[in-house]
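# Secondary and tertiary structure notes
Spelled out, the chains give:
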Amino acid sequence: MKETSKSVMRRLHDSRFVSRFFVGEGIDVGCGTDPISLYAELFPLMKTVKAWDVSDGDAQFLAGVADETFDFVHSSHCLEHLADPQVALENWFRVLKPGGYLVMLLPDEDLYEMGTFPSRVNPDHKWSFTLYKESSWNAKSVNVVDLIKALGNVVQPVKLELLDASHRYGLPAMDQTLTPVGECAIEVVLRKRCADEITLKGRLPPPGGMTLDTYYALTGIRIPAKSR
């Protein structure tokens, strides 16, 4: 099923996808026939999106794409097909501008692979993914939390979610992504920190900005002195 298309209505209920995540120039890695750009009118701050698929080269390396080119990177169900997910993630972060966002969908190993690997539903999967487990039934399982930690201090995790709201746990083993609602996935949104955030060890208010009194005066807000 078209997993990017399936995600759109859910994402529109989170204003950050419109106002922060899908803003400016982007690249959609492994998009196939279901790129996020099909829904550009729903994300009006999205300018252009480069579609990157098999004919463009190995998605693990994005060879020929310069560092810090894009405001956002989107990838739906691609990382599991690549030889080295960590190298791929490093390169996807490499082409991202500071302050930009990486948005990924990954199949969850329990919801999608269902305890069998190689995958019974997609034998091309080279890895299975879990948001976090101390141990997995699959020797080729990748912990998303560990994958993110390996990026170091340049990464700010923004959203990590198991998309199981429509999953029916009582059904026998079957590919629920073949239904119109089943996602069986993990959604990951990561932000690339700017240099000053790395130095300050956090995303802090800008120095030398307006005072609270000035802000209150500009907005017409009246705050009792004792609550300031």
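Structural data are supplied above this passage.
Note that the coordinates shown come from a computational prediction; the quantities given were computed from them, not determined experimentally. (Residues numbered from 1 in each chain as written. Predicted model: local features only at pLDDT ≥ 70, side-chain atom pairs only at ≥ 80, totals over all residues. Heavy atoms only, no water.)

## Some remarks on the environment of Thr-69
- Structurally, Thr-69 can be placed in the loop between β2 (46-52) and β3 (70-76).
- Expressed as a C-alpha distance, the spacing of Thr-69 and Val-95, which sit 26 residues apart in the sequence, is 5.2 Å.
- Each residue touching Thr-69, except ones within four places of it in the same chain, is listed here: Val-95 and Lys-97.
- A distance of 2.5 Å separates a polar side-chain atom of Thr-69 from the backbone oxygen of Ala-66. (Helix = DSSP H or I, 4+ residues; strand = E, 2+ residues; numbered from the N terminus. Contact = heavy atoms within 4.5 Å. Polar contact = N/O pair within 3.5 Å; in protein donor to acceptor, adjacent residues only side chain to side chain.)

## Looking at the packing of aromatic side chains
- Scanning the model with the defined rule gives six aromatic pairs in all.
- A centroid spacing of 5.8 Å and a plane angle of 50° characterise the contact between Phe-17 and Phe-22, whose relative ring orientation is tilted.
- Looking at Phe-22, the relative accessible area reads 0%, which means it is buried.
- Here a set of aromatic residues connected by ring pairs shows up, and it is made of Phe-17, Phe-21, Phe-22, Phe-43, Phe-72 and Tyr-101.
- Across the ring face of Trp-127, the terminal group of Lys-140 is positioned such that the distance to the ring centre comes to 4.4 Å. (Phe/Tyr/Trp six-rings, centres within 6.5 Å; stacked < 30°, edge-to-face > 60°. Buried < 20%, exposed > 50% of the residue type's maximum accessible area, 1.4 Å probe, protein only. Lys NZ or Arg CZ within 6 Å of the ring centre and 35° of its normal.)

## Focus on the pattern of salt bridges
- Counted according to the given criterion, the structure contains 14 salt bridges.
- Taking the shortest distance from any N to any O, the salt bridge between Lys-6 and Glu-3 comes out at 3.1 Å. Here Lys-6 pairs with Glu-3, and both are found in helix α1 (residues 3-12), just three residues apart, close to one helical turn. For the residue pair Lys-6 and Glu-3, the accessibility class agrees, reading buried in each case.
- A cluster of three or more residues bridged by salt bridges with shared partners is formed by Arg-10, Arg-11, Lys-159, Glu-161, Glu-183 and Glu-187. (Salt bridge = Lys/Arg side-chain N within 4 Å of Asp/Glu carboxyl O.)

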